[in-house]
There are 2 protein chains.
Amino acid sequence: MEIKDIAEAGLLQRLFPFCVAGTVGDDGALLTIPPGQSLIVTTDVLVDGVHFSDRTTSAADVGWRAAAANLSDLAAMGARPLGITVGLSLPPTTKVAWVEELYSGIKCCLQQYQTGIVGGDVCRSPVISVAITALGTVDPAQAIRRDRARPNSAILVTGYHGKSRAGLELLLHPEAGQGLSAIERQDLIISHQRPKPRLDVLPLLEQLQPAWIAGMDSSDGLLDAITQICGASGVGAEIDRQLLPISPSLQAYQLDPLDWIMAGGEDFELVLCLPQNTAQMLMKQLGNGSAIVGYTTEATEIWLTNGNDDKLPLASNYQSFQHF
Amino acid sequence: MEIKDIAEAGLLQRLFPFCVAGTVGDDGALLTIPPGQSLIVTTDVLVDGVHFSDRTTSAADVGWRAAAANLSDLAAMGARPLGITVGLSLPPTTKVAWVEELYSGIKCCLQQYQTGIVGGDVCRSPVISVAITALGTVDPAQAIRRDRARPNSAILVTGYHGKSRAGLELLLHPEAGQGLSAIERQDLIISHQRPKPRLDVLPLLEQLQPAWIAGMDSSDGLLDAITQICGASGVGAEIDRQLLPISPSLQAYQLDPLDWIMAGGEDFELVLCLPQNTAQMLMKQLGNGSAIVGYTTEATEIWLTNGNDDKLPLASNYQSFQHF
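Note that the coordinates shown come from a computational prediction; the quantities given were computed from them, not determined experimentally.

1. Here's the deal with the packing of aromatic side chains
Stage number 1. Counted by the stated rule, this structure contains 6 aromatic pairs over all chains.
Stage number 2. Residues Tyr253(A) and Trp260(A) carry aromatic rings whose centres are separated by 5.7 Å and whose planes lie at 45 degrees to one another, so their mutual orientation is tilted.
Stage number 3. Here Tyr253(A) falls in the buried class, since its relative accessible area comes to 19%.
Stage number 4. When the centroid spacing of 5.9 Å and the interplanar angle of 55 degrees are considered together, the rings of Phe18(B) and Tyr103(B) count as tilted.

2. Regarding the relation of the copies chain A and chain B
Stage number 1. Of the transformation placing chain A onto chain B, the axial shift is 0.0 Å and the rotation is 180 degrees, giving an RMSD of 0.0 Å. Both copies are brought into coincidence by an operation consistent with a two-fold rotation axis.
Stage number 2. Most of the interface of chain A is mirrored in chain B: 100% of its interface residues are interface residues there too.

3. With respect to the interface of chain A and chain B
Stage number 1. Taken together, the contact pairs 61 residues of chain A with 61 residues of chain B.
Stage number 2. Both sides of the chain A and chain B interface together cover about 4800 Å² of buried area, and 59% of this is carbon and sulfur.
Stage number 3. Arg146(B) is the partner of Asp27(A) in a salt bridge, and the nearest nitrogen-oxygen pair spans 3.5 Å.
Stage number 4. Where chain A meets chain B, there are 17 residue pairs in polar contact (both at pLDDT 80 or more).
Stage number 5. Mapped by element, the contributors of at least two residues to the side of chain A that touches chain B are helix 1 (3-15), strand 1 (29-31), strand 2 (38-47), helix 2 (59-76), strand 3 (80-90), strand 4 (117-124), strand 5 (129-138) and strand 7 (214-217) of chain A.
Stage number 6. Sort the elements by how many residues they give to the side of chain A that touches chain B and strand 2 of chain A lands first, with 9 residues.

4. Regarding the environment of Leu274(A)
Residue and element names in this part refer to chain A.
Stage number 1. You can see leucine 274 is positioned in strand 9 (residues 270-274).
Stage number 2. Sequence separation of leucine 274 and serine 219 is 55 residues, and the distance between their C-alpha atoms is 20 Å.
Stage number 3. Ignoring any residue separated from it by four or fewer positions in sequence, one finds leucine 274 in contact with Ser153, Ala154, Leu156, Leu205, Pro210, Trp212, Ile213, Ala279 and Leu282.

5. What about the packing of helix 1 (residues 3-15) of chain B against helix 3 (residues 96-112) of chain B?
Residue and element names in this part refer to chain B.
Stage number 1. Where helix 1 meets helix 3, the closest approach of the two axes is 11 Å, and the angle between their N-to-C directions is 20 degrees. By the criterion of interaxial angle, the relationship of helix 1 to helix 3 is roughly parallel. As helix 1 runs across helix 3, the sense of the crossing is right-handed. Mapping the contact onto sequence places Ile3, Ile6, Leu11, Arg14 and Leu15 in helix 1 and Val96, Val99, Glu100 and Tyr103 in helix 3.
Stage number 2. The class makeup of the residues in the contact of helix 1 with helix 3 is 7 nonpolar, no polar and 2 charged.

6. Points about unusual backbone geometry
Stage number 1. Phi is positive for Gln114(A), close to 55 degrees, though the residue is something other than glycine.
Stage number 2. Assignment of secondary structure puts Gln114(A) in the loop between helix 3 (96-112) and strand 4.
Stage number 3. Residue class for Gln114(A) comes out exposed when judged on its relative accessible area of 69%.
Stage number 4. The backbone of Phe268(B) shows a phi angle near 55 degrees, a positive value even though the residue is not glycine.
Stage number 5. By the secondary structure assignment, Phe268(B) is in the loop between helix 9 (258-263) and strand 9 (270-274).

7. Quick notes on the side chain of Ser191(A)
Stage number 1. As for its position among the elements, Ser191(A) is in helix 5 (residues 182-193).
Stage number 2. Sequence-distant contacts of Ser191(A), that is, excluding residues within four places in its chain, are made with Lys163(A) and Ser164(A).

8. Concerning the state of the cysteines
Residue and element names in this part refer to chain A.
Stage number 1. One pass over the structure, following the stated rule, counts 0 disulfides over all chains.
Stage number 2. A disulfide-free cysteine, cysteine 230 has its sulfur positioned 6.3 Å from the sulfur of cysteine 273, the nearest such atom.
Stage number 3. Relative accessible area serves as the criterion here: at 3%, cysteine 230 is assigned to the buried category.

9. Focus on the side chain of Asp121(B)
Stage number 1. For Asp121(B), the position within the fold is in strand 4 (residues 117-124).
Stage number 2. Here Asp121(B) occupies a buried position and makes no salt bridge, while the nearest side chain of opposite charge, Arg146(A), is found at 9.9 Å.
Stage number 3. Reaching out from Asp121(B), the side chain makes a polar contact with the backbone nitrogen of Val45(A) at a distance of 2.8 Å.
Stage number 4. With residues up to four places along the chain from it excluded, the contact list for Asp121(B) reads Thr43(A), Asp44(A), Val45(A), Val86(B), Gly87(B) and Leu88(B).

10. Focus: the pairing of strand 6 (residues 154-157) of chain B
Residues and elements named next belong to chain B.
Stage number 1. Neither face of strand 6 is exposed, since Ala154 and Leu156 on one face and Ile155 and Val157 on the opposite face are all buried.
Stage number 2. Judged from the 4 bridges that link them, strand 6 and strand 9 form a sheet pairing that is antiparallel. Paired with valine 157 across the bridge in strand 9 is valine 271.
Stage number 3. Sheet topology places strand 6 next to strand 10 (residues 291-297); 4 bridges connect them, and they run antiparallel. The residue bridging valine 157 from the neighbouring strand is alanine 291, located in strand 10.

11. A look at the pairing of strand 8 (residues 236-240) of chain A
On a regular strand, each side chain points to the face opposite its neighbour's, so the side chains alternate between the two faces of the sheet.
Residue and element names in this part refer to chain A.
Stage number 1. Along strand 8, 5 of the 5 residues are buried, which leaves the element largely enclosed by surrounding structure.
Stage number 2. What you see with strand 8 is no split at all: Gly236, Glu238 and Asp240 on one side and Ala237 and Ile239 on the other are buried throughout.
Stage number 3. With 4 bridges connecting them, strand 8 and strand 10 (residues 291-297) associate as antiparallel partners. The residue bridging glycine 236 from the neighbouring strand is threonine 297, located in strand 10.
Stage number 4. Note that strand 8 and strand 11 (residues 302-306) share 4 bridges and pair parallel. Paired with aspartate 240 across the strands is threonine 305, a residue of strand 11.

Calculation rules
Residues numbered from 1 in each chain as written. Chains lettered and ligands numbered in written order. Predicted model: local features only at pLDDT ≥ 70, side-chain atom pairs only at ≥ 80, totals over all residues. Heavy atoms only, no water. Phe/Tyr/Trp six-rings, centres within 6.5 Å; stacked < 30°, edge-to-face > 60°. Buried < 20%, exposed > 50% of the residue type's maximum accessible area, 1.4 Å probe, protein only. Least-squares fit on C-alpha atoms with pLDDT ≥ 70 in both. Contact = heavy atoms within 4.5 Å. Buried area = accessible area lost by both parts, 1.4 Å probe. Salt bridge = Lys/Arg side-chain N within 4 Å of Asp/Glu carboxyl O. Polar contact = N/O pair within 3.5 Å; in protein donor to acceptor, adjacent residues only side chain to side chain. Helix = DSSP H or I, 4+ residues; strand = E, 2+ residues; numbered from the N terminus. Axes fitted to C-alpha atoms, helices over the stretch in contact; angles between N-to-C directions. Parallel < 35°, antiparallel > 145°, perpendicular 65-115°, else oblique. Left-handed = near helix turned anticlockwise from the far one by under 90°. Nonpolar A, V, L, I, M, F, W, Y, C, P; charged D, E, K, R; others polar. Disulfide = S-S within 2.5 Å. Lys, Arg positive; Asp, Glu negative; His and termini not counted. Pairing = 2+ DSSP bridges.

Structure below.
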């Protein structure tokens, strides 16, 4: 059964059950903001053949990843999710089952974080695309911005990098990674298909109350995040190659995965700049994969060091993900 | 110059000046909600070749219409605009000038209503599409919903219907409407290209404080709005054909424009159900084009009457706009 067989009304009827009760059916959704909280809003568009493909991603995974990417942007701002809207463009020949699977993937991800779909739009298009806007709330004094990093901040990553990219490679080339155990292979693939937005970091930050904080998520790669934060804050950075955490699965796949760690992208971890002592405490609480990988500097260059002798300029060695 | 010549960074640099200062450049925008207000969120996706075409719509008009459609959804909920996000999908061969014109059209419309662009995303796609999410604030006690119409409410339209559809016809067939004056022709075309969201109705409603109110906008046609409100509220309606206001320009174009008035779509007026006396006062304040066109009934059918003798079932005579 295809979308054209059930028309818009039939499609909406099937999608309403995936939405939060009482939010759809009007021209807009009405949402309550807790007193003292500000609103955070963020938007992402995913296009078939550009951001996902049938080859590597089921409809449910497309949905999960789209939801996770947007929740990750909320986490990166220090915000708790309030709900998302889904603007869906579909060729009339799209299978109804595909759309239902997409929505179940979105809903499944959102439910892990106690939030849901609060509105949307469906329309005809020659290509499938999913435009998600996520809404969240934050105490404005605790919002995380990119431009607040001070020199001599610790640069902390909340988890491993490079795993999503490795998982994509395994999906594209199933014959690769012969040395991997089934569990290692699955660990990398799941990292790509079902990334976890790091909303769990927020309550820890709230307890630790860092004297200052800057940060963003690493959706476009770890190096991109460091570059963006440094650029916005007017600082530089030294990243110690030996401090970059490498997940055991990734290490089993590739002996020297530095490229994927720095520029693989889509790991959806947080990259935070905060005082050294707070960073140490946060790192201990986060455990596995979290690490302080370097520090910010007054000089605005970004260097990759190797222990303490070699020193390479980082930015020029990698190209961050370009959307065009 | 095309998008692929300036890449994502170059494109973003050109689009930032169209956005509200201080809202872009982070993973999300931080917006302040006035105390006691709830949030309204609404989403629309427009696709090239489906919702607009170069033949009838310049990039600036596409932008204006996309912004206006979303602001109209806010007005339909009784909400004041807080800002919009724009998720833009573009083929790499899209002209940079086209995109800048699109954004200037969006900004121009938003400025009329003291609001702006507060975030977005750009990405590559085989087809141009514009996904807009509008955010607004409303006193929850004054939100306008579809499901609150009571029997014997007046059904009020805030302005003329059918003009946008007539304007579209004139753009598609410039040889049509020979009997129109230049001013009449322009009036109809502008109704299509630069529709006005009826945010101006909200302060009037606030003063009048109707004992009850239900409503929505007429973006998918007047009949569709009446049908949706009646369906959601469990009431019926009698619409008096002789009470439907016909704009002088539309009348000059077509002697009997009933079809376009009922189902033309995209006039972005509000259709409100409220007590008779409040409706009378509102109609007087709104002036030209506003009218009480009928009333709701306990019986759930929707009839078109002709003065008081003829009575035709309305819903079955028209097909509302289908997105697939």
